[in-house]
Amino acid sequence: MRSYSRPRVFSRLVAAAAVSTVALSFSATAAWADTSTATANALNLQLGSASVVNSGTVSASNDGTQPTVTNSGSTLNLLSAQSTITAGVLAQTAVAFANGSSAACAGLIGAGGSIQIGSDGTCAVSGGGAGGITIVLPNLTTIRATAILEECFASSTGTPTAQSQFIDATVTVLGQPAVTIPVNPAPGTTQSALLLSLGLNDQSTPQPGEIKGTALSINALNTILLDVGTVNCGPNTHVVGTTSVMPTKALPVAAGFLGLMALVAVPWYRRRQRLGRA
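Just so it is clear, the structure is predicted and the values come from calculations on it, not from any experiment.

Draft legend 1. Spotlight on the pairing of strand 8 (residues 102–109). Burial analysis of strand 8 places 8 of its 8 residues in the buried class, which makes it a mostly covered element. Bridge count between strand 7 (residues 89–96) and strand 8: 8 bridges; the pairing is antiparallel. The partner of Q92 across the bridge, within strand 8, is A106. Following strand 7, the chain reverses through 5 residues before pairing antiparallel with strand 8; G100 in that reversal takes a positive phi of roughly 90°. With 8 bridges joining them, strand 8 and strand 13 (residues 147–154) adopt antiparallel strand pairing. Across the sheet, A104 pairs through a bridge with C152, a residue of strand 13.

This is how it looks when you write it as structure tokens:
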């Protein structure tokens, strides 16, 4: 059996306590912080090559440590400088959640209405009168609707999605029904009304984990170019960080523990020394 002198036992006890405390104070384990981002643009209207109305792009981003970030910007009075959209208001909102998910919603709704993005990323319309949107195009073509919106959703762990909402949407030529627009058209749907080309729910994936969608794209004889409701969600990613097992505020406790060990161990060691000399 191995034997140890008392000084060696004492020094090893103190050293072990110190090493254990320091290890607890500075050891770290991996932790995940999910990032998220989204953008929204309600309207971009051009006459030829000249920009007439652009609602601007609002964005929201979150590094995973913040509360939910929401940005809607201001779209008041932007439609007063044009005559293509004669009824309706602009709506755009981007949201970035702290859990690595993001959502956006943008487009046209009836006057007095608003949009709301829920915690699950869905976009809901409230208020605004039925048929409150009127878009007047060449060849006596008119689009009327209660809402024309595009929404998207992305997460740090799944496939991003986008869809459009055409609520009560109709296209007429000379006052007669010309095109039936479904409530949720499939991605990349194209329809024509006389010489007009209508793109519904245009979608693209600029990079993995990211999706871009536009509810309505109109090319009227290359003179009126109109994009209603353009949104972008993602890419949202996992980022590896570190978290200390013992927070900084706990370090005084660790120091106190070492001090207590010294108060107990030193008198014990000295007493053992006196007994050994007796």
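On we go.
Draft legend 2. Broad picture of the state of the cysteines. Taken as a whole, this structure holds 2 disulfides when the rule is applied. Each sulfur of the disulfide joining C105 and C123 lies 2.0 Å from the other. One quick way to see it: the torsion about the S-S bond of C105 and C123 is about -70°, and its sign makes the bridge left-handed. Residue C105 is found in strand 8, and its partner C123 is found in strand 10 (residues 123–126); the two are separated by 18 residues along the sequence. As far as the burial class goes, C105 and C123 line up, both buried. Across a sulfur-sulfur distance of 2.0 Å, C152 and C233 are joined as a disulfide pair. As the torsion about the S-S bond is roughly 75°, the C152-C233 disulfide counts as right-handed. You can see C152 sitting in strand 13 and its partner C233 sitting in strand 20 (residues 224–233), a full 81 residues away along the chain. Listing the disulfide partners of the protein chain by sequence rank of the bonded cysteines yields 1-2, 3-4.

Draft legend 3. How the structure looks around the sheet that holds strand 5 (residues 69–71). Strand order in this open sheet of 5 strands is 5-7-8-13-14, and the pairing throughout is antiparallel. Two strands close off the open sheet at either side, each with one partner strand: strand 5 and strand 14 (161–167). Recorded for the sheet is a direction-independent mean angle of 10° between the axes of neighbouring strands. Where strand 5 meets strand 7, 3 bridges bridge the pair, whose relative direction is antiparallel. Note that in strand 7 the partner of T70 across the bridge is V95.

Draft legend 4. Region of interest: the environment of G188. Among the structural elements, G188 can be located in the loop between strand 16 (176–180) and strand 17 (189–193). A sequence separation of 14 residues divides G188 from D202, and the C-alpha atoms of the two residues are 4.6 Å apart. Sequence-distant contacts of G188, defined by excluding residues within four places in its chain, comprise L200, N201 and D202.

Thresholds applied
- Residues numbered from 1 in each chain as written.
- Predicted model: local features only at pLDDT ≥ 70, side-chain atom pairs only at ≥ 80, totals over all residues.
- Heavy atoms only, no water.
- Buried < 20%, exposed > 50% of the residue type's maximum accessible area, 1.4 Å probe, protein only.
- Helix = DSSP H or I, 4+ residues; strand = E, 2+ residues; numbered from the N terminus.
- Pairing = 2+ DSSP bridges.
- Disulfide = S-S within 2.5 Å.
- Axes fitted to C-alpha atoms, helices over the stretch in contact; angles between N-to-C directions.
- Contact = heavy atoms within 4.5 Å.

Interpretation in functional terms is not warranted from these geometric data alone.
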